[in-house]
Amino acid sequence: MPRSLTGRGNVATLKYIKDIIPELEIISTPSGTSAYDWTVPNEWNVRDAYIADMDGDRLIDWRENNLHLVGYSTPVNATMTREELEPHLYTHSEIPDAIPYITSYYKARWGFCLSQEQKDTLGDGPFQVFIDSTLELGHMDSGELVVPGTSRSEVLLSTYICHPSMANDNLSGIVVMTALARWLQTLSDKRYTYRLLFIPETIGSIYYLSKHIDLMRARTVAGYVMSCCGDDRCWTFMPSRDGNTLADKAALAAIGDRIDKWLLFTERGSDERQYCLAGLPVALMMRSAFGQYPEYHTSKDGLGFISQAALEETLLVHQRAITIIENNHRWKANLPCEPFLSKHGLYPTLSVAQSGPPDIINILGYCDGNNDIVDIAELCGLDPVDEVLPIINELKKHFLVSG
Ligand code: ZN
């Protein structure tokens, strides 16, 4: 689907998601709508685009790969020499068989993106250059899904829908967030309300903030931008601006030992740029992060670059972070001493030689009213979701802790 900031590819993408999540609301915003310092651009649509030889044989064909056209290219229908065409050709400086991804949203121009190998075999021309595109007043489309919880406090999840034909950046974010949305819808007794946004990057988040900033500032306890969720090369953490929010804490605990790279806030690149500037606690749990892998923003970031296993693991890590946030109480033991666990059926019945008390007693030992499950997990050397939470839930059932 030819996705961009606007256009039929975005509408088709949102409708595809809505088929999976019927509760998704598609919001259409007219071109020219202002949002702070920005204006929603004209709607861009492409019917066809190519560079052909004089026999009409297509040398570069947008229908074969929509990365071939510079995003927001203006229409062209002309015969050109190689010299005339040359300034409109864009290649990747390092990977000779990669088509680069290039856009020109806010300055009117046109161009073709092609691999260096394709450029080398183009010949001297003349060429028929054809771009059947329209740039007119229309709409920018976004998807919004609110999954209600018992509290009005919210967790923000946001991904972008503006990149064509690339897998890790950014179809993987759309895929994993759609799966996460379905999981959230099945969770009963959610503590928090979840606000999920499928929006064009930058202008989409800026527009959304311009409409909802007061509510988002008042209610958002944590948030994640879902970007680069698909490959299995590494795990990357991008902190929020503050770096010390619940979103950061839960993300780091959720990624755990998997972590390979810890980026700085100065290396930010997606909609966290807008959310964090608005003061919202938004971090990212990524695989190979934007700008950090050679295939980034090229045709090499294709379906072969990502894997189902990596998508599933990224989903799991986001589920872990949400589970931590949902259970982020400061747990407090209800007795001023260790309970008689056997009475509650909670004590391991077989006494084996070990140094120190069993996990359940250690966990209780740190339920001092100040520690949340991440703190307790760190203090006990346990996993917060897989090890601490099941024990806390048992203790809760027996009225031995409260939070
Ligand atoms: Zn990108």
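Everything discussed here concerns the structure shown above.
What you see is a predicted model, and the numbers here were worked out from it, not measured in a lab.

> I'd love a proper account of the nonpolar core, names of residues and values included.
Membership of the largest hydrophobic core comes to 89 residues, with the highest contact counts inside it found for Leu157, Tyr224, Tyr275 and Ile363. Ile363 has contacts with Ile376, Cys380, Leu382, Glu387, Val388, Ile391, Ile392 and Leu395, leaving out every residue within four places of it along the chain. By size, the runner-up hydrophobic cluster in this structure holds 35 residues, among which are Ala35, Ile99, Cys113 and Cys162.

> Which residues make up the coordination of the zinc ion, and what values do they have?
Binding of the zinc ion to the protein goes through His163 (NE2), Asp169 (OD) and His297 (NE2), at separations of 2.0 to 2.1 Å. Donor residues binding the zinc ion come from one chain and are separated in sequence as H-x5-D-x127-H. Here the residue Asp169 occupies a position in helix 4 (residues 167-186), and His297 occupies one in the loop between strand 16 (282-286) and helix 8 (308-326), the gap between them amounting to 128 residues. Judged by relative accessible area, which is 2%, Asp169 ranks as buried.

> I'd love a proper account of the layout of surface pockets, names of residues and values included.
Picture a little ball the size of a water molecule; that probe, rolled over the atoms, points out where space is still empty. Roughly 360 Å³ of internal volume is contained in the largest pocket. In terms of lining, the largest pocket is formed by 24 residues, of which the most central are His163, Glu201, Thr202, Gly269 and Arg273. Split by residue class, the lining of the largest pocket holds 11 nonpolar, eight polar and five charged. In this structure, the second largest pocket spans a volume of roughly 230 Å³. For the second largest pocket, the full set of lining residues is Met1, Arg3, Thr13, Tyr16, Ile17, Ile20, Leu171, Ile174, Val175 and Thr178.

> For empty space enclosed by the protein, give the residues involved together with the corresponding values.
Summed over all chains, the structure comprises one cavity of 30 Å³ or more. Size it by volume and the largest cavity reaches roughly 110 Å³. Lining the largest cavity are 15 residues; nearest its centre among them are Arg3, Trp44, Asn66, Gly71 and Pro164. Across the lining of the largest cavity, the residue classes break down as 10 nonpolar, four polar and one charged.

> Explain the side chain of Asp372 residue by residue, including any values.
Counting through the fold element by element, Asp372 comes out in the loop between helix 9 (359-365) and helix 10 (373-380). Dropping the residues within four chain positions of it, Asp372 is found in contact with Lys249, Asn328, His329, Arg330 and Trp331.

> Go over the pairing of strand 16 with me, naming the residues and quoting the values.
For strand 16, a buried count of five out of five residues is recorded, marking the element as mostly surrounded by other parts of the structure. Taking every second residue as pointing to the same face, both faces of strand 16 are buried, with Val282, Leu284 and Met286 on one and Ala283 and Met285 on the other. Across two bridges, the pairing between strand 13 (residues 220-225) and strand 16 is parallel. If you follow Tyr224 over to strand 16, its bridge partner there is Ala283. Examined bridge by bridge, strand 14 (residues 236-238) and strand 16 share three bridges and lie antiparallel to one another. Looking at the pairing, Met238 lines up with Leu284 of strand 16.

Conventions used here
Residues numbered from 1 in each chain as written. Predicted model: local features only at pLDDT ≥ 70, side-chain atom pairs only at ≥ 80, totals over all residues. Heavy atoms only, no water. Core = buried A, V, L, I, M, F, W, Y, C linked by side-chain atoms within 4.5 Å. Buried < 20%, exposed > 50% of the residue type's maximum accessible area, 1.4 Å probe, protein only. Contact = heavy atoms within 4.5 Å. Donors = N, O, S within 2.8 Å, 3.2 Å for Na, K, Ca; no water. Helix = DSSP H or I, 4+ residues; strand = E, 2+ residues; numbered from the N terminus. 1 Å grid on protein atoms, 1.4 Å probe; cavity = no way out; pocket = protein on both sides within 12 Å on 5 of 7 lines; lining within 4 Å. Points joined across faces, edges and corners; volume = space filled by probe spheres on them. Nonpolar A, V, L, I, M, F, W, Y, C, P; charged D, E, K, R; others polar. Pairing = 2+ DSSP bridges.

Treat this as a map of the structure, not an account of what it does.
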